[in-house]
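# Summary of structural features
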Amino acid sequence: MYGGDVERVGFVLKNGKVIEVQNICENPAEGFDVSGEDIALYALTARATWHTHPNASHNLSANDFNTFLNWPELDHYIIGNDGIRKYIVEDGEVLIA
């Protein structure tokens, strides 16, 4: 949908539907940001977030860590060139699930 060598981002809804939203980050090749409108639209029905690391591994970045801490109730998936990794937040720590 928003391809190229930029990070793609979205939500997995509680009904299982996967939604992609626009990455509004200033430098979308290096990070992701979601609009307030998209957060308002999907936050209450989401069970997980997902984003890609184009041309990189599924390892957690410092920005990912901080973002995931802001959404402790959700699971988080990073899709890298080496596969998909799931992260959870437990007791204030971001863990590989």
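The shown structure was predicted, so the numbers you read here are calculated from the model rather than taken from an experiment.

### Remarks on the environment of Trp71
Within the secondary structure layout, Trp71 lies in the loop between helix 2 (62-69) and strand 4 (75-80). Here Trp71 falls in the buried class, since its relative accessible area comes to 17%. Taking the C-alpha atoms as reference, Trp71 lies 12 Å from Glu93; in sequence the two are 22 residues apart. Look past the residues within four positions of Trp71 in its chain and what remains in contact with it is Ile39, Ala43 and His76.

### Observations concerning the packing of aromatic side chains
This model, assessed by the stated rule, comprises three aromatic pairs. An aromatic cluster is defined as three or more aromatic residues linked by ring pairs; in this entry it consists of Phe11, Tyr42 and Trp71.

### Considerations on the environment of Pro54
One can find Pro54 in the loop between strand 3 (46-52) and helix 2. Exposure remark for Pro54: the relative accessible area of 23% places this residue in the partly exposed category. The sequence separation of Pro54 and Ala29 amounts to 25 residues, and the corresponding C-alpha distance is 7.7 Å. Ignoring sequence-local partners within four residues, the contact set of Pro54 consists of Asp5, Val6 and Glu7.

### Some details on the sheet that holds strand 3
Pairing is mixed across the open sheet formed by six strands, whose spatial order is 2-1-3-4-5-6. Unpaired on one side and paired on the other, strand 2 (18-21) and strand 6 (93-96) mark the two borders of the sheet. The mean angle between the axes of side-by-side strands here comes to 25 degrees, regardless of whether they run parallel or antiparallel. For strand 1 (residues 9-13) and strand 2, the ladder comprises four bridges, and the chain directions are antiparallel. In the strand pairing of strand 2, Gly10 is matched with Glu20. On the sheet, helix 2 packs against strand 3, strand 4, strand 5 (83-90) and strand 6 and is oriented at approximately 110 degrees with respect to strand 6.

Procedures and definitions
- Every chain's residues receive numbers from 1 upward, in the order its sequence appears when written.
- For a predicted model such as this one, the threshold for reporting local features is a pLDDT of at least 70, and the threshold for listing and counting side-chain atom pairs is 80 or more; totals across whole chains, interfaces and linings nevertheless cover every residue.
- Heavy atoms from the whole structure form the basis of all side-chain values; hydrogens and water molecules are not counted.
- Helix numbers and strand numbers start at the N terminus; a helix is a DSSP run of H or I with at least 4 residues, a strand a run of E with at least 2.
- The buried label goes to any residue with under 20% of its type's maximum accessible area, the exposed label to any with over 50%, and the partly exposed label to all in between, with areas taken from a 1.4 Å probe on protein chains only.
- The contact definition used throughout considers only heavy atoms, calling two residues in contact when any of these lie within 4.5 Å.
- To pair, rings of Phe, Tyr and Trp, with the six-membered ring standing in for Trp, must have centres within 6.5 Å; the planes then decide the type, stacked if under 30 degrees apart, edge-to-face if over 60, and tilted in the middle.
- At least two bridges found by DSSP between two strands is the condition for calling them paired.
- Geometry is summarised by axes, namely lines fitted to C-alpha atoms with helices restricted to the contacting stretch, and by angles between N-to-C directions that run from 0 to 180 degrees.

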